[in-house]
Amino acid sequence: MLSRRHAIALAVLLPSIARAATPPKVVASFSILGDLVREIGRGRVEPMVLVGPDQDAHTYQPKPSDLRAVASADLLVTNGLGFEGWMDRMADAAGFKGTRVVASAGITPIKTEDGGIDPHAFQNVRHVMRYVGNLRDGLLAADPAGKDIYQRQAGSYLDRLGKLDSDIRAAWAPIPRNQRRIMTSHDALSYYGAEYGVTFLAPQGLSTESEPSAKELRGLIAQIRAQQVRALFIENISNGAILRQIEREAGAKIGGTLFSDALSASGGPAATYLDLMRHNTAAMVAAAK
Ligand SMILES: [Zn+2]
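Residues numbered from 1 in each chain as written. Predicted model: local features only at pLDDT ≥ 70, side-chain atom pairs only at ≥ 80, totals over all residues. Heavy atoms only, no water.

> Got a minute to help me understand helix α8 (residues 214-227) in this structure?
Spacing of three or four residues puts side chains on the same side of an α-helix, whose turn is 3.6 residues. Relative to the 20 Å expected for 14 residues at 1.5 Å per residue, α8 spans 20 Å between its end C-alpha atoms, a close match to the ideal helical length. Within α8 the residues assigned to the buried category are Leu-217, Leu-220, Ile-221 and Ile-224. The buried residues of α8 occupy one face: seen down the axis, they fall within an arc of 100°. What points out from α8, more than 90 degrees from its buried face, is the exposed set Lys-215, Arg-218 and Ala-226. Summarising the contacts, the buried residues of α8 are in contact with β5 (181-184), β6 (199-201), β7 (231-235) and α9 (241-250). Trailing α8 by a residue or two, Gln-228 shows a phi angle of about 50°, which is positive. (Helix = DSSP H or I, 4+ residues; strand = E, 2+ residues; numbered from the N terminus. Expected span 1.5 Å × (residues − 1). Buried < 20%, exposed > 50% of the residue type's maximum accessible area, 1.4 Å probe, protein only. Arc of directions from axis to C-beta. Contact = heavy atoms within 4.5 Å.)

> Explain the domain arrangement of the protein chain here, please?
By convention, interface size is frequently given as the accessible area that disappears when the constituent parts associate. Examined at the domain level, the protein chain breaks down into domain 1 (8-168) and domain 2 (172-288). Put simply, the middle of domain 1 and the middle of domain 2, counted by C-alpha atoms, are 27 Å apart. With 38 residues of domain 1 at the contact, the number on the domain 2 side is 32 residues. Roughly 2900 Å² of surface becomes buried between domain 1 and domain 2 when both sides are summed, with 58% attributable to carbon and sulfur atoms. When residues of domain 1 are sorted by the area they lose upon contact with domain 2, Asp-54, Gln-123 and Ile-168 head the list and together hold 27% of the total. Remark: the boundary between domain 1 and domain 2 carries 1 salt bridge. In this structure, Asp-167 engages Arg-278 in a salt bridge whose closest nitrogen and oxygen atoms are separated by 3.0 Å. For the pair domain 1 and domain 2, the interface holds 18 residue pairs in polar contact (both at pLDDT 80 or more). (Domains from an automatic or database assignment. Buried area = accessible area lost by both parts, 1.4 Å probe. Salt bridge = Lys/Arg side-chain N within 4 Å of Asp/Glu carboxyl O. Polar contact = N/O pair within 3.5 Å; in protein donor to acceptor, adjacent residues only side chain to side chain.)

> What is the right way to look at the pattern of salt bridges in this model?
A side chain of one charge can pair with a side chain of the opposite charge if their charged atoms are brought near each other. Counted by the stated rule, this structure contains 12 salt bridges. Among the ionic pairs, Asp-66 bridges to Lys-63, the shortest N-O distance being 3.7 Å. The class for Lys-63 is partly exposed, based on a relative accessible area of 45%. The shortest N-O distance in the salt bridge between Asp-165 and Arg-169 comes to 2.9 Å. With Asp-165 and Arg-169 both in helix α6 (residues 147-172) and 4 residues apart, this pair spans about one turn of that helix. Given a relative accessible area of 30%, Arg-169 falls into the partly exposed group. Within this structure, Arg-126, Asp-165, Arg-169 and Glu-195 form a network of salt bridges that share partners.

> Is there a simple way to explain the coordination of the zinc ion in this structure?
For a metal with four donors in a tetrahedral arrangement, the ideal angle between donors is 109.5 degrees, while six donors in an octahedron ideally sit at 90 or 180 degrees. The coordination sphere of the zinc ion contains the protein donors His-58 (NE2), His-120 (NE2), His-186 (NE2) and Asp-261 (OD), at a distance range of 1.9 to 2.1 Å. Counting gaps between the donor residues of the zinc ion yields the pattern H-x61-H-x65-H-x74-D. A residue pair is termed long-range when its members are at least 10 positions apart, and His-120 in the loop between β4 (99-102) and α5 (125-142) and Asp-261 in the loop between β8 (254-258) and α10 (273-288) qualify at 141 residues. Per residue, the accessibility class of His-120 equals that of Asp-261, and both read buried. (Donors = N, O, S within 2.8 Å, 3.2 Å for Na, K, Ca; no water.)

> Would you explain the pairing of strand β3 (residues 75-78) in this entry?
Put simply, side chains in a regular strand alternate between the two faces of the sheet. Alternating positions in β3 separate into two faces, Leu-75 and Val-77 on one and Leu-76 and Thr-78 on the other, with burial throughout. Pairing of strand β1 (residues 26-30) with β3, which is carried by 3 bridges, proceeds in the parallel orientation. Bridging from a neighbouring strand, Val-26 pairs with Leu-75 of β3. With 4 bridges joining them, β3 and β4 adopt parallel strand pairing. When the sheet's bridge partners are listed, Leu-75 is paired in β4 with Thr-99. Crossover handedness for the path β3 to helix α4 (residues 87-94) to β4: right-handed. (Pairing = 2+ DSSP bridges. Right-handed = clockwise from strand over helix to strand, strands pointing away.)

Now the structure itself:
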């Protein structure tokens, strides 16, 4: 017969075993993180994504269904570095009781001229390899029963990211450094530029919420001429009106669309993180040639 103490121990143990066997409900803040979680957790977890393809995380407004998803989530996956400025308020409003996983944990952020932090670390593939390690560890801790799946899939995805990283370097290698000058509408590509040796200019700064003044625009146009910027790129998350004005006034060409803070819809040219980085790199290299 079980002693009373054993009975209590069993009663405490059983629900946690039952929980561990059920895959966690995962909510990811934006489309790129959703894709990373899907790669690591395929067949075990299917993340719900708050800011979807072609959507702008800087100006996101939560819907009631988003709050309900966060309220019932076990894991809430965010970029961190201030990318999701709305997240703390949203998690509080939803009464979120689960675990937060900050994908960028451990990354040394790029500082901005005014002392702030650039949140777009996912534009550097080596940083995303760190993201994948953090996400794998977060999933493992929440769901030990899925350990083998997470470890195996994270491992093979890390191999593909390593290949992507070296392919990006190889793509830029033939382009002289002083030709690698690109303008985008908002300043999302500093991490890409620092890692792969490309100089970016952006009229809108770090967030799509800011608009350049007339004086700032004149300064940019002068810079484009002086620094021989090779191409302007519209982003999938912004309307491009400012860049079209600059194109007219500075005589530089719009070289296409870059996917900066969001994937494309499925079937588009950047429906996964791997495709996003390959598309952006090919478009910029072609324009810089
Ligand atoms: Zn951004």
